[in-house]
Structures are given as C-alpha cells and as structure tokens.
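# Structural description and commentary
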Amino acid sequence: MKLVKIFLLSFFLFQISEKNIAQDTTNLVKELEKESFDNKPGYTTGTFMSTRIVNGQSVENLPAHVLDVRISHRFGPIRKGIYNFFGLDYSAFNVRIGFDYGITNNFMVGVGHSGWQKTYDGFFKLKLLRQSNGAVKVPVTVSFVPTFAINTVKPGDQSFDHTSIPPDAEVKMSDRLSYVLQLLIGRKFSEGLSLQLMPTFIHGDAVSFDHFKNGEYKRDIFAVGIGARQKITKKMSVTAEYYYQLPDAEATIAGNVFAAGIDIGTGGHVFQLHFTNALGLTEKAFITETLKHGLISGTRFGFNISRVFQLGKKHKDTDWKKN
C-alpha cells in the first residue's frame, strides 16, 4: 500500500502542470543534456547528466531559476528473494522527496525529507572552479557542498533506525543535528568519460551514531568517495560511485557504500535506475550507516526521478547549453 501511494504521489507531482510546461521542460532538458568542449567561453559542460551521481552529489549545478523536483527510492535487500519480490515489497524501504533550486548558475540550494530516521535535510552547492580549455585552462571542476540534517525519529521507534532509543529518553535538539562537508573535484576526460573525487567529513547526530573507538564515543567520520560516468548514447549513461571510510576514522557499525546504475534522459525527466547497498538517502546516512553485508546480501534496487521546471527567465551563461 505504501508503494502505491508513493507512485501516485510521483504521478501527481510530475503531471500537475504537464499541459502548460511540457514544451518548456523538454527544451530545458535539452539544455541540461548538452555535452560539448567547444562552447565560446571554453567551459566544459555535461560532466554528469544530473546534479547527483547516484546517492551523492555531482559537480553539476542547476541553471539559474530552475526548480528540480526529485523523488528517490530505495527498496529492501534483493536477498529476501521471490517471497518479498527481491526487496520490492519489503517493508524496510526508504523514500526521499526533495526540491532543489538554482539561484545562479554557480550556486544552488536544496531541501528534502526522507523516511529513514524521519530526516529533514538541506544543502547548498557552490561551484568554485569550472573546467575549461579556453584562454585560461582549468583542469577540473570544483564544488563545495555543506549538508545539514535533523533526525526527528521518536524515542522507542525502532522502525527507522539501527539503534534503540529508550521510550522515556529526553533527546535535545542539538543531539539530533548532523552536518557533512564535501569537496567535489570532477573532470571530464572525453566526450564519454567523467570522474569525480569526493573528500568528505561527517559530524553525526547523537541519536543514531552509536560508534565507539578505543572505548571513546565519537561523532566525526572521514571518508573519500569516487564517482564515474560513461556515456553510452546521447540519452543514456552508466554511473557508479564508492565511498571509503578512512582507517581509524570509520563508523564502527558501517561498511563502505557502493552504487551503480543507468541514467536515462527522456523529455522532461531524468531517470536513474541503480543497485546499491545503502538504505539512507542523506550523506550522513548512506556513508556512515550502511550496515556491513556481503556484496550480494546487502544490495538493493533503487531509483531517482528528476523533473525540472523553468521558473524564471533563462540565464544566458549556463553550463548546459541548448542542442
């Protein structure tokens, strides 16, 4: 029943303004999908198809005045077999609904809510450098992304957390807050291949972080992620990412997180279909709270759906040019 409601909500969000903006969004997605090295400013465009690789952020920004409505879903582990339809009707799944907006071509913001730990999150992404081959050559694109989240799960509710908070526990608001600082360093090596490096610092909340090292309780985690995209056709790409928690700075209950899948651009949407071992949909959750499992036993199917809406005048200086 939950899955039916999710798809009904998705259908409503993406069809509510279909007749009035179908042509505009189709033209806009053409701008987002442009891949070229020879545009006049010399900037490299289309390093990735979306603002996210799979779970994590990419170096791409939304153009100014563009709203991106995103629905992300992670099902249960495929190891549950045919009885739970390989995780698709398993009760422990997670959904995030998010709204991202491009304030300028180099600065965007976003907010969202996910069922895992009943989390509200927000972020901004600032592009510091843009890869270019013009008069001034810049070898990489660099973005800075802080993410903030609040865990609102009630004490005693074990359905949305790995840990068990006593029902009578008093949890301060400051103990529910977490934040993540990321530096995204991406390079488009050719028309088809792009790579990205993501050094990451996580400061966890005191509710879900049950991590000890040498007898000490700790909330600070360091990790390094790597992401890749290989273009197959104009509208389809293969993407993958992996986050490695540094030795002596890793979460004690968590394993390293991986994801791989296919991005498909269709008209006004970008569909990302993938397999991952992560259930969480915020950086704090999927990097540090993905439980240690085998490669197959922890894998689950998931998808992201992105639809963009042009809310204001199109900006002339955009990374994603018209075809």
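The notes below deal with the structure included here. (Residues numbered from 1 in each chain as written. Predicted model: local features only at pLDDT ≥ 70, side-chain atom pairs only at ≥ 80, totals over all residues. Heavy atoms only, no water.)

Quick look at a nonpolar patch on the surface now. A cluster of nonpolar residues, Leu197, Phe222, Val224, Ile226, Tyr242, Tyr244 and Leu246, forms a patch on the protein surface that exposes about 560 Å² of accessible area. Every element with two or more residues in the nonpolar patch is listed here: β12 (220–233) and β13 (236–245). Per element, the largest residue contribution to the nonpolar patch is 3 residues, and it comes from β12. The residue Leu197 is located in strand β9 (residues 193–203) in this model. With relative accessibility at 39%, the residue Leu197 sits in the partly exposed group. (Patch = residues over 30% accessible without salt bridge, like charges linked within 9 Å, V, L, I, M, F, W, Y side chains within 5 Å. Areas by Shrake-Rupley, 256 points an atom, 1.4 Å probe, with all protein chains shown as cover. Salt bridge = Lys/Arg side-chain N within 4 Å of Asp/Glu carboxyl O. Helix = DSSP H or I, 4+ residues; strand = E, 2+ residues; numbered from the N terminus. Buried < 20%, exposed > 50% of the residue type's maximum accessible area, 1.4 Å probe, protein only.)

As a rule of thumb, non-glycine residues mostly have phi less than zero, and peptide bonds are mostly trans rather than cis. The phi angle at Gln117 is positive, at roughly 60 degrees, despite the residue not being glycine. Secondary-structure assignment places Gln117 in the loop between β3 (107–114) and β4 (119–129). Accessibility expressed as a relative area gives 1% for Gln117, which makes it buried. Even without a glycine there, the phi angle at Lys118 is positive, about 45 degrees. When you line up the elements, Lys118 lands in the loop between β3 and β4. By relative accessible area, which is 32% here, Lys118 ends up partly exposed.

Per the counting criterion, the structure on display carries 6 salt bridges. Of the charged contacts in the structure, one is a salt bridge between Arg70 and Asp68, with a shortest N-O distance of 3.1 Å. Its relative accessible area of 1% is what places Arg70 among the buried residues. Classification of Asp68 by relative accessible area gives buried; the value is 2%. One salt bridge connects Lys284 with Glu289, and the closest N-O pair in it is separated by 3.1 Å. Residues joined in a network through salt bridges with shared partners are Asp205, Lys284 and Glu289.

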